[in-house]
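Read off the chains here:
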Amino acid sequence: MKKIIIAIDGYSSSGKSTMARDLARRIGYVYVDSGAMYRAVTLYAICHGMATAENGVDTAALVKALPDIHISFTPAGSDGIQHTMLNGVDVEREIRDMQVSSLVSPVAVIPEVRHRLTALQQEYGKEKGIVMDGRDIGTTVFPDAEMKVFVNASPEERARRRVKELSAKGENVTYDEVLENIRERDRIDTTRKESPLRKADDAVLLDNDNMTIEQQMDWLLKLYEDRDR
Ligand code: DC
């Protein structure tokens, strides 16, 4: 079967990463989590004093440091999860914490950051046979992707899922704090000038508020099978 590019975009915590990863595993494709790349850049900025909750992001310093930031992924381990590497160090856990979550959207508005990561993402797609999830994959990174999905769920449902996920990892967060972070990220992601989050005209909408993971996978596999003929 001809290999294609599958772009899965959507709001934060809409479950798109789990869905994209599972789909890639089921059909033998490579999975790339583009959000992890923005998170890794944000972690670098935090660790180097270029991003703080009090002062926000020092854009000039971060842009200057971009050539020193190298991001890659390990192959999927026994847990089926690829780990994000920042300058040779496994940062998969650190990039998911709340500190990174609350500073990642302001980092992701910086055009130089977007250009660098977009180029890297396009490199991953050269061989096709890839599932990539993010915000602008179907619109900017791979506008010609053969299959595009746009995932949405209500902010409340997304906050509930995220609290569950973070609590399972032992992070102490409240529902209100997470909901506020989700709303703020939605606002920044959809209103930024450069590659704002929006559904590509040719993307298929998946509203997964009331769907189980299994139902979503069946829906995705059917879409894939219908497209990939
Ligand atoms: O999918 P995520 O929540 O891990 O993404 C983290 C942040 O990165 C998100 O708030 C917006 C940004 N992002 C982006 O701007 N473009 C992408 N393709 C992926 C993520």
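This is a predicted model, so every value here is computed, not measured.

K.L.:
For this particular structure, what's the right way to read the site of the ligand?
P.N.:
What surrounds the ligand is a group of 16 residues, the closest being R39, R114, D136, R185 and R192. Separating a nitrogen atom of the ligand from a side-chain N or O atom of S34 is a distance of 3.0 Å. Take R114: an N or O atom from its side chain is 2.8 Å from an oxygen atom of the ligand. Against a free-state accessible area of 440 Å², the protein chains account for coverage of 97% of the ligand. Mapped by element, the contributors of at least two residues to the shell around the ligand are helix 2 (34-47), helix 4 (98-108) and helix 8 (175-191). If you tally residues by element for the shell around the ligand, the top one is helix 2, at four residues. Along the lines of polarity and charge, the residues of the shell around the ligand split into four nonpolar, four polar and eight charged.

K.L.:
How should the side chain of S105 be read in this particular structure?
P.N.:
Looking at where S105 falls in the secondary structure, it is placed in helix 4. Residue S105 is classed as buried on the basis of its relative accessible area of 3%. For S105, the side chain forms a polar contact with the side chain of D189, separated by 3.0 Å. Aside from chain neighbours lying at most four places away, what touches S105 is R185, I188 and D189.

K.L.:
How should I be thinking about helix 1 (residues 16-27) in this particular structure?
P.N.:
Turn by turn, an α-helix covers 3.6 residues, leaving residues three or four places apart pointing in a common direction. Taking 1.5 Å as the rise per residue, helix 1 with 12 residues should run 16 Å; its terminal C-alpha atoms sit 16 Å apart, in good agreement. By the burial criterion, the buried members of helix 1 are K16, M19, A20, R21, D22, L23, A24 and I27. Next to the buried residues of helix 1 lie strand 1 (5-10), strand 2 (30-33), strand 8 (130-134), strand 9 (147-152), strand 10 (204-207) and helix 9 (213-227). Directly after helix 1, the chain includes G28, whose backbone phi takes a positive value near 75°.

K.L.:
Is there a simple way to explain helix 2 in this structure?
P.N.:
Helix length check: helix 2, at 14 residues, gives a terminal C-alpha distance of 20 Å against a target of 20 Å (1.5 Å per residue), a fit within 8%. Buried residues dominate helix 2, accounting for 12 of its 14 residues. Along helix 2, the residues classified as buried are S34, A36, M37, Y38, R39, A40, V41, T42, L43, Y44, A45 and I46. Looking at where helix 2 begins, the residue whose side-chain oxygen comes 3.1 Å from the main-chain nitrogen of G35 is D33. After helix 2 finishes, the residue G49 shows a positive phi value of roughly 65°.

K.L.:
Explain the nonpolar core here, please?
P.N.:
One recurring pattern in soluble globular proteins is that nonpolar side chains are buried together. One finds V41, L62, I69, I71 and V113 to be the most contacted residues of the largest nonpolar core, which totals 38 residues. Taken together, the elements giving at least two residues each to this core come down to strand 1, helix 2, helix 3 (59-65), strand 5 (71-73), helix 4, helix 5 (111-124), strand 8 and helix 6 (137-141). If you tally residues by element for this core, the top one is helix 2, at nine residues.

K.L.:
Help me understand the packing of aromatic side chains, please; the structure alone is not making it clear to me.
P.N.:
Two measures describe an aromatic ring pair: the distance that separates the ring centres and the angle between the ring planes. Evaluated as defined, the whole model comprises three aromatic pairs. When the centroid spacing of 5.9 Å and the interplanar angle of 80° are considered together, the rings of Y11 and F150 count as edge-to-face. Of this pair, Y11 sits in the loop between strand 1 and helix 1 while F150 sits in strand 9; the two residues are 139 residues apart in sequence, bridging distant segments of the chain. Each of the two residues, Y11 as well as F150, counts as buried. Ring geometry for Y29 and Y224: centres 5.9 Å apart, planes at 85°, overall edge-to-face. Note that Y29 is positioned in the loop between helix 1 and strand 2 and Y224 in helix 9, a separation of 195 residues in sequence. Looking at Y224, the relative accessible area reads 7%, which means it is buried.

About the criteria used
Residues numbered from 1 in each chain as written. Predicted model: local features only at pLDDT ≥ 70, side-chain atom pairs only at ≥ 80, totals over all residues. Heavy atoms only, no water. Near = heavy atom within 4 Å. Polar contact = N/O pair within 3.5 Å; in protein donor to acceptor, adjacent residues only side chain to side chain. Areas by Shrake-Rupley, 256 points an atom, 1.4 Å probe, with all protein chains shown as cover. Helix = DSSP H or I, 4+ residues; strand = E, 2+ residues; numbered from the N terminus. Nonpolar A, V, L, I, M, F, W, Y, C, P; charged D, E, K, R; others polar. Buried < 20%, exposed > 50% of the residue type's maximum accessible area, 1.4 Å probe, protein only. Contact = heavy atoms within 4.5 Å. Expected span 1.5 Å × (residues − 1). Core = buried A, V, L, I, M, F, W, Y, C linked by side-chain atoms within 4.5 Å. Phe/Tyr/Trp six-rings, centres within 6.5 Å; stacked < 30°, edge-to-face > 60°.

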